[in-house]
Amino acid sequence: VHPELTLAHEIGHFLDNDAFPKEAGLAHASEGSPSQKMKNLMDALDASESVKWFRDNGTFQDKEYYLKPTEMVARSYAQYIAKKSGNRKMLEQLDAILLQETKYKYTQWTETDFRNIMKAYDELFEEIGWLEKNGK
């Protein structure tokens, strides 16, 4: 239903597994990282209203899936790319998710909820040299 976001989501998994700084022996940076900036990203995700909703209201079968650190990173990376790039298709797909009247709207973050996550990604990418200090 949203192929562009899905591609970015899968790239997020790849980065979490193979590119972001992680503790030796772990498969994913989201499960443990020596990087304070990666820790800040995980804290921003954990503090988000979307994640809080799943923790507080999710009583359904796939609750644990949506709360997995690896899944939170992949979903938020897809949203980061959509927002950062301004890609029209990705933004339309993101809006379609957020406008649903189901639990799935909480799989992504509102504009307000995403601010700290966006900032944390910018800082992580600055730390690893993928983004200049001015966010470009």
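Residues numbered from 1 in each chain as written. Predicted model: local features only at pLDDT ≥ 70, side-chain atom pairs only at ≥ 80, totals over all residues. Heavy atoms only, no water.

## Quick look at helix H3 (residues 49–57)
Restricting attention to buried positions, one finds in H3 the residues Ser50, Val51, Trp53 and Phe54. Projected down its long axis, H3 shows its buried positions confined to an angular sector of 155°, all on one face. Against the buried residues of H3 lie helix H2 (36–47), helix H4 (63–67), helix H5 (69–85) and helix H7 (111–127). (Buried < 20%, exposed > 50% of the residue type's maximum accessible area, 1.4 Å probe, protein only. Helix = DSSP H or I, 4+ residues; strand = E, 2+ residues; numbered from the N terminus. Arc of directions from axis to C-beta. Contact = heavy atoms within 4.5 Å.)

## Concerning the environment of Asn57
Summarising the element assignment, Asn57 is placed in helix H3. Separated by 46 residues in the primary sequence, Asn57 and Lys103 have C-alpha atoms spaced 9.2 Å apart.

## Let's talk about the nonpolar core
By size, the foremost hydrophobic cluster in this structure holds 26 residues, and its most contacted members are Phe20, Met38, Leu41, Leu45, Ile117 and Tyr121. Other than its neighbours up to four places away in sequence, Leu41 contacts Ile117, Ala120, Tyr121 and Leu124. (Core = buried A, V, L, I, M, F, W, Y, C linked by side-chain atoms within 4.5 Å.)

## A closer look at helix H1 (residues 3–18)
Compared with the 22 Å implied by 1.5 Å per residue over 16 residues, the 22 Å span of H1 between its first and last C-alpha is a close match. Those residues of H1 that fall on the buried side of the exposure criterion are Leu5, Ala8, His9, Gly12, His13, Leu15 and Asp16. Summarising the axial view, the buried residues of H1 lie within an arc of 165°, below the 170-degree limit, and thus occupy one face. Along H1, the residues that are exposed and aim more than 90 degrees away from the buried face are Pro3, Leu7 and Asp18. Next to the buried residues of H1 lie H2, H5 and helix H6 (88–98). (Expected span 1.5 Å × (residues − 1).)

## Some details on the packing of H2 against H5
Axes are the key here: two packed helices are described by the angle between their axes and the distance separating the axes. Where H2 meets H5, the axes come as close as 11 Å, and the angle between the chain directions of the two elements is 90°. By the angle between their directions, the pair H2 and H5 is classed as roughly perpendicular. Of the residues in H5, those in contact with Met38, Met42 and Leu45 of H2 are Pro69, Met72, Val73 and Ser76. Among the residues forming the contact of H2 with H5, the class breakdown is six nonpolar, one polar and no charged. (Axes fitted to C-alpha atoms, helices over the stretch in contact; angles between N-to-C directions. Parallel < 35°, antiparallel > 145°, perpendicular 65-115°, else oblique. Nonpolar A, V, L, I, M, F, W, Y, C, P; charged D, E, K, R; others polar.)

## Considering the side chain of Glu71
Counting through the fold element by element, Glu71 comes out in helix H5. An unpaired buried charge is present at Glu71: no salt bridge exists, and Arg75, the closest side chain of opposite charge, is 4.9 Å distant. Polar contacts involving the side chain of Glu71 include one to the side chain of His9, which spans 3.3 Å. In this structure the side chain of Glu71 is engaged in a polar contact, spanning 2.9 Å, whose partner is the side chain of Tyr65. Beyond its immediate chain neighbours, meaning those up to four positions away, Glu71 contacts His9, His13 and Tyr65. (Lys, Arg positive; Asp, Glu negative; His and termini not counted. Salt bridge = Lys/Arg side-chain N within 4 Å of Asp/Glu carboxyl O. Polar contact = N/O pair within 3.5 Å; in protein donor to acceptor, adjacent residues only side chain to side chain.)

## Quick notes on the pattern of salt bridges
Evaluation of the coordinates by the stated rule reveals seven salt bridges. A salt bridge links Glu4 to Lys89; the shortest N-O distance between them is 4.0 Å. Linking Glu4 in helix H1 with Lys89 in helix H6, this pair joins segments that are 85 residues apart in sequence. For Lys89, a relative accessible area of 43% corresponds to the partly exposed category. Here Lys52 and Glu49 are joined by a salt bridge, their closest N and O atoms 3.6 Å apart.

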